[in-house]
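Coordinate analysis (summary)
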Amino acid sequence: MAKENDVYATPFSLFNRFNRVFRFTCDVCALAENTKVPEKYYTPEMDGLKQQWTGVCWMNPPFSEMELWVEKARKSADNGCVVIALLPSHTDTIWYFRHVHKVADVIMPIKGRLRFRKGEFNQKTLKGEKIQSKSIYGAPYGHFIVMWGLQNLAIGNVNSRRE
């Protein structure tokens, strides 16, 4: 189970850059309040690790369970979907060497440090509201975007792209 301090919503500006290209069909680790793909997402109660991932998935996993999520992403890509993930750039970890290094299709470092909104924010709740500065969290380390399963896009084999 993810820890409460794992709940950091992906910055919309970052997500939108990739969504314009990939048109995500599922947010595999989300809260109803911060999902980036409101048409289909998995909450902690739904347990995205137990779901079958299909289509083009966005993943910003709970950092306390990183190994489980990156393993699921890699295996899901092997089964026909595409997974694009926002991950901490911890290149000294076991999960990185098992499931990312020399395994992922793309590892794209993000310049600078991300600034996350803490807790329950999405486009609907942000629109027209001022966000207090205390709700902004500057990451203490760098991140990268990791992509698995891009070959599924190239051959038109993305399972259940639009359900």
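Higher on the page you've got the structure.
What this report covers is the structure whose coordinates are included nearby. (Residues numbered from 1 in each chain as written. Predicted model: local features only at pLDDT ≥ 70, side-chain atom pairs only at ≥ 80, totals over all residues. Heavy atoms only, no water.)

1. Notes on the overall build of the protein
Each helix and strand in the protein was counted, giving 5 helices and 8 strands. Beginning at the N terminus, the succession of helices and strands in the protein can be written as β-α-β-β-α-β-α-β-β-α-β-β-α. Counting only residues that meet the buried cut, the protein has 48% of its 163 residues in that class. Here the analysis covers contacts within the protein between residues at least 6 apart in sequence; of these, 74% occur between residues at least 24 apart. With the model as given, the accessible surface of the protein reaches about 9,100 Å², and the carbon-plus-sulfur share is 50%. (Helix = DSSP H or I, 4+ residues; strand = E, 2+ residues; numbered from the N terminus. Buried < 20%, exposed > 50% of the residue type's maximum accessible area, 1.4 Å probe, protein only. Contact = heavy atoms within 4.5 Å. Areas by Shrake-Rupley, 256 points an atom, 1.4 Å probe, with all protein chains shown as cover.)

2. Structural notes on the nonpolar core
Counting residues in hydrophobic clusters, the biggest one holds 23 residues, and the most contacted among them are Val-28, Trp-53, Met-59, Val-83, Leu-87, Val-100 and Trp-148. Of all the elements in the fold, those that place two or more residues in this core are strand 3 (56-59), helix 2 (66-78), strand 4 (82-88), helix 3 (94-99) and strand 8 (143-148). Counting residues per element, this core draws most heavily on helix 2, at 5 residues. If sequence neighbours within four positions are ignored, Leu-87 has contacts with Met-59, Pro-61, Met-66, Val-70, Trp-95, Val-100, His-143, Phe-144, Val-146 and Trp-148. Among the nonpolar cores identified, the runner-up in size contains 15 residues, and Phe-24, Trp-58, Ile-110 and Ile-145 belong to it. (Core = buried A, V, L, I, M, F, W, Y, C linked by side-chain atoms within 4.5 Å.)

3. Some words on the pairing of strand 8
Burial analysis of strand 8 places 6 of its 6 residues in the buried class, which makes it a mostly covered element. Residues His-143, Ile-145 and Met-147 point to one face of strand 8 and Phe-144, Val-146 and Trp-148 to the other, with burial holding for every one of them. In this structure, strand 4 lies alongside strand 8, joined through 6 bridges in antiparallel fashion. Each bridged residue has a counterpart across the sheet, and for Leu-86 the counterpart in strand 8 is Ile-145. (Pairing = 2+ DSSP bridges.)

4. Remarks on the sheet that holds strand 5 (residues 106-109)
Read from one edge of the open sheet, 5 strands run 2-3-4-8-5, paired in mixed fashion. Either end of the sheet is taken by a strand with one partner, and the two such strands are strand 2 (26-27) and strand 5. Of the strands in this sheet, strand 3, strand 4, strand 5 and strand 8 touch helix 1 (residues 12-22), which is tilted by about 20 degrees from strand 8. (Axes fitted to C-alpha atoms, helices over the stretch in contact; angles between N-to-C directions.)

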